[in-house]
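Structural overview for review
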Amino acid sequence: MTDVTRELDELYGVPPGEFTAARNAKAAALKAAGRAEDAQTVRQLAKPTPFLWAVNQLARQDSERLAHFIDVVRRGRRSQLHDPRTAAEDMRTIRAELQALTSRATEILTTAGYGAPSSSSARISNTVLGAATDDDRVDDLRHGRLDAELAAPGFEVLAGAPTRHLQLVRGGKSSEPRRAPGTSMAGRRREPAEAKREHAEARRAQAEAERAREAAERERRAAEVAAARREADERKAAAERAADEVRELERRLADARRNLRAAEREAAAAAQRVRRHTTS
């Protein structure tokens, strides 16, 4: 199989409403060009949701900000391993950058004519953060080639070696950095308080993210139920139309049979009249 990166980049830039037609046309063109395996790869691409499409457009319309966000997350991964006291600052930076990217993607979404329901911000931010903290997905995020929405790891989970996702390093005797000589007792008392505030902020952020995920899931399920109901109503209406057409055809057939019988009777009567005239 040859490199289909260019074709994939073009397709991931196509709005969802035009995606299926563009994908099928590109697959047909690849097959006609003798690239059957590439055509199959393209044909298997799933139509993106509007939210996923908007995330992928960040790489095309705001690549510098997206690259900066990825760098901020990576920097957070490194700092978490060496200085747990920077957790709150890292969280604030990541949250601010993520909010900016979410707002930009929402703007892209609405400018393209798609709706932005209450769950859109959560679904967009979850996908951006989930990809940025996933070593297997971050390049797809950077190049705008994500093929599925993702769940966010939560703001208290930043990435860090050796695991793929980062985990916040909790404070305590084993994780606190060595204090320099001469540190005052007042300074030592402040540090646990700061750590508690940082941990509380992390917990609040995680709770917010969890509530957003639950709201998005409820809305997704409601949308699926509504879509299923619409499909059932459409099929019922189609069945009723088909039944009406069958009844109309049956009525026409009955009329045609009556007309045929009448014509046959008239033909028989005419034949008898002809015979009487010829014999008289």
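Residues numbered from 1 in each chain as written. Predicted model: local features only at pLDDT ≥ 70, side-chain atom pairs only at ≥ 80, totals over all residues. Heavy atoms only, no water.

**Considering the nonpolar core**
Note the cut-off: Note on terminology: a nonpolar core comprises buried Ala, Val, Leu, Ile, Met, Phe, Trp, Tyr and Cys residues joined through side-chain atoms within 4.5 Å. For each residue, the accessible area found with a 1.4 Å probe, counting protein chains only, is set against the maximum for its type, and the residue is called buried under 20%, exposed over 50%, and partly exposed in between. Secondary structure follows DSSP: runs of H or I at least 4 residues long count as helices, runs of E at least 2 residues long count as strands, and numbering of each begins at the N terminus. Throughout, a residue-residue contact means that at least one pair of heavy atoms, one from each residue, lies within 4.5 Å.
The biggest cluster of nonpolar side chains holds 28 residues, and the ones touching the most others in it are Leu58, Leu66, Phe69, Val128 and Leu141. Only helix 4 (50–61), helix 5 (63–82), helix 6 (87–111), helix 7 (120–132) and helix 8 (138–143) provide two or more residues apiece to this core. Sorting elements by how many residues they give to this core places helix 4 first, with seven residues. Contacts of Val128, omitting those with residues within four sequence positions, involve Val55, Leu58, Phe69, Leu98, Leu101 and Leu141. The next biggest cluster of nonpolar side chains, apart from the first, holds 10 residues, and it includes Val4, Leu30, Val42 and Leu45.

**What about the environment of Ala39?**
Relative to the helices and strands, Ala39 resides in helix 3 (residues 36–43). You can call Ala39 buried: its relative accessible area is 1%. Residues Ala39 and Lys26, spaced 13 residues apart in sequence, show a C-alpha to C-alpha distance of 7.5 Å. Apart from residues no more than four positions distant in its own chain, Ala39 is found in contact with Ala27, Leu30 and Lys31.

**Some points on the side chain of Thr102**
Within the secondary structure layout, Thr102 lies in helix 6. With sequence-adjacent residues up to four places away left out, Thr102 is seen in contact with Ser121, Ile124 and Ser125.

**A look at the packing of helix 1 (residues 5–12) against helix 2 (residues 16–32)**
Defined as follows: To get an axis, fit a line to the C-alpha atoms, keeping to the stretch in contact for a helix; angles then go from 0 to 180 degrees between the N-to-C directions. The labels follow the angle: roughly parallel below 35 degrees, roughly antiparallel above 145, roughly perpendicular from 65 to 115, and oblique for the rest. If you view the pair so one helix is near and one far, a crossing is left-handed when the near helix is turned anticlockwise from the far one by less than a right angle, and right-handed when it is turned clockwise. Amino acids are sorted into nonpolar (Ala, Val, Leu, Ile, Met, Phe, Trp, Tyr, Cys and Pro), charged (Asp, Glu, Lys and Arg) and polar (every other residue, Gly among them).
The geometry of helix 1 relative to helix 2 is characterised by a closest axis approach of 10 Å and an angle of 160° between their N-to-C directions. It follows that helix 1 is roughly antiparallel to helix 2 by the angle criterion. Of the two possible hands of crossing, helix 1 and helix 2 adopt the one that is right-handed. Facing Glu7, Glu10 and Leu11 of helix 1, the residues of helix 2 in contact are Phe19, Ala22, Arg23, Lys26 and Leu30. Per-class residue counts for the contact of helix 1 with helix 2 are four nonpolar, no polar and four charged.

**Looking at helix 4**
Selection rule: In this scheme, a helix's expected span is set at 1.5 Å multiplied by one less than its residue total.
For helix 4, built from 12 residues, the straight-helix expectation of 16 Å at 1.5 Å per residue is met to within 8% by its first-to-last C-alpha distance of 16 Å. Burial analysis of helix 4 places nine of its 12 residues in the buried class, the great majority of the element. Considered for burial, the residues of helix 4 that qualify are Phe51, Leu52, Trp53, Ala54, Val55, Asn56, Gln57, Leu58 and Ala59.

**Focus: the pattern of salt bridges**
For side chains of opposite charge, pairing can occur when their charged atoms come near one another. The test is simple: What makes a salt bridge here is a side-chain nitrogen of Lys or Arg within 4 Å of a carboxyl oxygen of Asp or Glu, nothing more.
Overall, the coordinates contain 17 salt bridges when judged by the stated rule. Ionic pairing is found between Glu7 and Arg6, a salt bridge with its closest N-O pair at 3.4 Å. For Glu7, a relative accessible area of 6% puts it in the buried group. The class for Arg6 is exposed, based on a relative accessible area of 54%. One connected set of salt bridges, linked through shared partners, spans Arg6, Glu7, Glu10, Lys26, Arg35 and Asp38.

**Things to note about empty space enclosed by the protein**
The test is simple: Points on a 1 Å grid over protein atoms alone make up a cavity when a 1.4 Å probe fits among them but cannot get out, and a pocket when they form an open set with protein on both sides within 12 Å along at least five of seven lines; lining residues each have an atom within 4 Å of a point. Grid points are joined across faces, edges and corners, and a volume is the space filled by probe spheres set on the points.
Following the criterion strictly, the structure yields one cavity of 30 Å³ or more and no others. Its volume calculated, the largest cavity comes out at about 30 Å³. Lining the largest cavity we find Ile70, Val73, Arg74, Arg77, Ala132, Asp135 and Val138. With four residues, helix 5 is the single largest residue contributor to the lining of the largest cavity.

**Thoughts on the packing of aromatic side chains**
Inclusion rule: By convention, a stacked pair of Phe, Tyr or Trp rings (six-membered ring in the case of Trp) has centres within 6.5 Å and planes under 30 degrees apart, an edge-to-face pair has planes over 60 apart, and any other such pair is tilted.
In total, this model carries one aromatic pair according to the counting rule given. Geometrically, the ring pair formed by Trp53 and Tyr114 is tilted, given 5.9 Å between the ring centres and 55° between the ring planes. Separated by 61 residues along the polypeptide, Trp53 in helix 4 and Tyr114 in the loop between helix 6 and helix 7 bring together distant segments of the chain. According to the relative accessible area criterion, Trp53 is buried, its value standing at 5%. According to the relative accessible area criterion, Tyr114 is partly exposed, its value standing at 22%.

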